Amino acid sequence: MHSFLIKGGTPLHGEVEISGAKNAVLPIMAAALLTRDECVIHNAPVLSDVSFMGRVLTSLGAKVRQRGHTITIQADRINGHGDYELVRKMRGSICILGPLLARLKHAEVSFPGGCVIGARPIDLHLKAMRALGANVKVEAGYVVAKARRLEGVRMFLGGKAGPTVLGTANAMMAATLAEGVTVIESAACEPEIVDLANFLNAMGARIEGAGSPTITITGVKELHGAEHAVIPDRIEAATLAIAAAATRGEVTLKGARPDHMHAVLDKLVTMGVKVDWDANGLTVKGVRDLQPTDVTTQPYAGFPTDVQAQMTVLLTQAPGVSIVTERIFESRFMHIGELLRLGADITLEGPSAVIKGPARLSGAAVMASDLRASAALVVAGLIARGETLVKRVYHLDRGYEKLEVKLRRLGASVQRLKRS
Ligand code: EPU
């Protein structure tokens, strides 16, 4: 298993290119199942989750090719039976359910389990498929969905933690080929949903309102191939922005979309970090005297849960008390124990982490537990004195394209160790 060996203490400086968004490209790849024609996806990040999704689509019979940052998918002949082990391993692959049901009127997808960040139910996905007229059962570990036809309907997709991103994606994809008009109320507003809707519309779908809580889909008979460039990854951009601020460096994030990052940028500015943008990108400049603040994760356009762990690390550097409250995934605090090992002062109180700063972090061996927790540990390693060994970085490779290469270009000392 690979690890990162980080020698902390160097401020990051320079320019770095932001890759395409993982959470946009995964449902977009699944959407290619909706047509027999070839689809071409540009600006796709090179990530293990993306090749994994490629394998899932291949197991369904699609032809998938990734050359650099371009993926070509042709799903002319497919079956509706997702490989049990493959689908089970990556939660994101649940978004094949909607397209398979719409195209074949039959889908069998393994029931995704919980994961380290929380229980992660899929009741809202199933509710959406049932609302469109499918008979959905859970049998022998599979979600089995069948329909004679799908029919447009008004559905409410809000859950206890608000809307669901991939549930909205599944509902939207299934509804593109349903008869009549579907209205999704309490839809997720994430930019990744807008990107998916843009791709589907390029395929001939009729979707309005994506990016707002009400999405209207007028079903069409069939979809055709399309070409699309994926939006830049706002979570990667936020992670690098936080790394720049935490190391008191100055970094320009080329291609970042500040309009997708208001909540994160607002918090950085509140903490005293200098943020500026122009046609070249978003520039983040760290300051010596950071201010503490409170952060609560929320559905978009609120503060993203996917940036909670990284922000916690930055707050360890602000003198005073900060509180980070997690409202989307109940147990997304696996990084806290590892941050304590590095010398942070953080107490968990229910869904909140109480952070007392400034902490003088010092390097140690730590274990990555999930994707964003790993990113947080890397940021911590960049500011800790001495050497930090972040183990199990395969989590990072799921969602950050060549993070160590990007950080080295910015002056950091980060080495990938193939064995540790
Ligand atoms: N929820 C339900 N029922 C459902 C679905 C979700 O109660 O049927 C709850 C969840 O338990 C959670 C909340 O609704 O409390 C939101 O979950 P959501 O469905 O929006 O999450 P997701 O679509 O499975 C995507 C991202 C996650 C990101 C979340 C929230 C992808 C591939 N994954 O997951 O990304 O944290 O939205 O923004 O798009 C990551 O990239 O590290 C990651 C975990």
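Residues numbered from 1 in each chain as written. Predicted model: local features only at pLDDT ≥ 70, side-chain atom pairs only at ≥ 80, totals over all residues. Heavy atoms only, no water.

A word on the pairing of strand β22 (residues 387-391)
Thought 1: Note that strand β1 (residues 3-7) and β22 share five bridges and pair antiparallel. Its bridge partner being in β22, L5 is matched across the sheet by L389.
Thought 2: Summarising the sheet, strand β21 (residues 365-367) and β22 pair through three bridges and their orientation is parallel. Of the residues in β22, the one forming a bridge with M367 is K391. (Pairing = 2+ DSSP bridges. Helix = DSSP H or I, 4+ residues; strand = E, 2+ residues; numbered from the N terminus.)

Quick look at the domain arrangement of the chain
Thought 1: Each domain of the chain was delimited in the assignment, giving domain 1 (2-18 + 232-418) and domain 2 (22-229).
Thought 2: Summing both sides of the interface, domain 1 and domain 2 together bury roughly 1,800 Å²; the carbon and sulfur share of this comes to 51%.
Thought 3: The largest share of the area that domain 1 buries against domain 2 comes from Y300, R398 and E401, three residues that together contribute 33% of it.
Thought 4: The interface formed by domain 1 and domain 2 contains two salt bridges. (Domains from an automatic or database assignment. Buried area = accessible area lost by both parts, 1.4 Å probe. Salt bridge = Lys/Arg side-chain N within 4 Å of Asp/Glu carboxyl O.)

Digging into the nonpolar core
Thought 1: One finds I96, M172 and L200 to be the most contacted residues of the largest nonpolar core, which totals 78 residues.
Thought 2: If one sorts the elements of this core by residue count, helix α1 (residues 22-31) sits on top with seven residues.
Thought 3: Beyond its immediate chain neighbours, meaning those up to four positions away, L200 contacts A31, L34, M172, M173, T176, A205 and I207.
Thought 4: Within the second largest apolar cluster, 70 residues are counted, among which are I18, V378, V379 and L407. (Core = buried A, V, L, I, M, F, W, Y, C linked by side-chain atoms within 4.5 Å. Buried < 20%, exposed > 50% of the residue type's maximum accessible area, 1.4 Å probe, protein only. Contact = heavy atoms within 4.5 Å.)

With respect to the site of the ligand
Thought 1: Contacts to the ligand come from 21 residues, most closely from D123, L124, T164, D306 and I328.
Thought 2: One of the side-chain N or O atoms of T164 is found 2.6 Å from an oxygen atom in the ligand.
Thought 3: The backbone of V165 places a nitrogen or oxygen atom 2.8 Å from an oxygen atom of the ligand.
Thought 4: For the ligand, the accessible surface in isolation is 830 Å², of which the surrounding protein chains cover 91%. (Near = heavy atom within 4 Å. Polar contact = N/O pair within 3.5 Å; in protein donor to acceptor, adjacent residues only side chain to side chain. Areas by Shrake-Rupley, 256 points an atom, 1.4 Å probe, with all protein chains shown as cover.)

What about the packing of α1 against helix α2 (residues 48-59)?
Thought 1: In the contact formed by α1 and α2, the axes pass within 10 Å of each other and the chain directions differ by 10°. The pairing of α1 with α2 is recorded here as roughly parallel in orientation. Along the contact surface, α1 presents K22, V25, L26, M29 and A30, while α2 presents D49, V50, M53, G54 and L57.
Thought 2: Class assignment of the residues belonging to the contact of α1 with α2 gives a composition of seven nonpolar, one polar and two charged. (Axes fitted to C-alpha atoms, helices over the stretch in contact; angles between N-to-C directions. Parallel < 35°, antiparallel > 145°, perpendicular 65-115°, else oblique. Nonpolar A, V, L, I, M, F, W, Y, C, P; charged D, E, K, R; others polar.)

What about the sheet that holds strand β16 (residues 281-285)?
Thought 1: Ordered in space as β2-β14-β16-β15, the four strands form an open sheet in which the pairing is mixed. Single-partner strands in this sheet number two, and they are β2 (13-17) and β15 (274-278). Averaged over all adjacent pairs, the angle separating strand axes in this sheet is 15°, with direction ignored.
Thought 2: Direction of pairing for β2 relative to strand β14 (residues 250-254): parallel, over a ladder of five bridges. Bridge assignment links H13 to a residue of β14, and that residue is E250.
Thought 3: Sitting on the sheet, helix α8 (residues 234-246) touches β2, β14 and β16, and the angle it makes with β14 is about 170°.

Some words on helix α10 (residues 308-315)
Thought 1: The element α10 is largely enclosed, with a buried count of eight among its eight residues.
Thought 2: Restricting attention to buried positions, one finds in α10 the residues Q308, A309, Q310, M311, T312, V313, L314 and L315.

Quick look at unusual backbone geometry
Thought 1: Between Y300 and A301 the backbone carries a cis peptide bond, its omega angle lying at 10°.
Thought 2: Structurally, the position occupied by A301 is in the loop between β17 (294-296) and α10.
Thought 3: For the peptide bond that leads from G357 to P358, omega is 0°, which places it in the cis range.
Thought 4: You can see P358 is positioned in the loop between β20 (352-357) and β21.
Thought 5: In this structure, R248 is a non-glycine residue whose phi angle is positive, near 55°.
Thought 6: One can find R248 in the loop between α8 and β14.
Thought 7: Looking at R248, the relative accessible area reads 18%, which means it is buried.
Thought 8: Of note in this structure, R392 is not a glycine but carries a positive phi near 65°.
Thought 9: With respect to the secondary-structure elements, R392 resides in the loop between β22 and α13 (394-399).

Here we look at the side chain of S374
Thought 1: Here S374 shows up in helix α12 (residues 371-383).
Thought 2: On the basis of relative accessibility, which here comes to 0%, the residue S374 falls in the buried class.
Thought 3: In contact with S374, other than residues within four places in its own chain, are A368, S369, H395 and L396.

Some details on the environment of L389
Thought 1: Mapping L389 onto the fold places it in strand β22.
Thought 2: Taking relative accessible area as the criterion, L389 reaches 18% and is therefore assigned buried.
Thought 3: Sequence separation between L389 and P299 is 90 residues, and the spatial gap between their C-alpha atoms is 33 Å.

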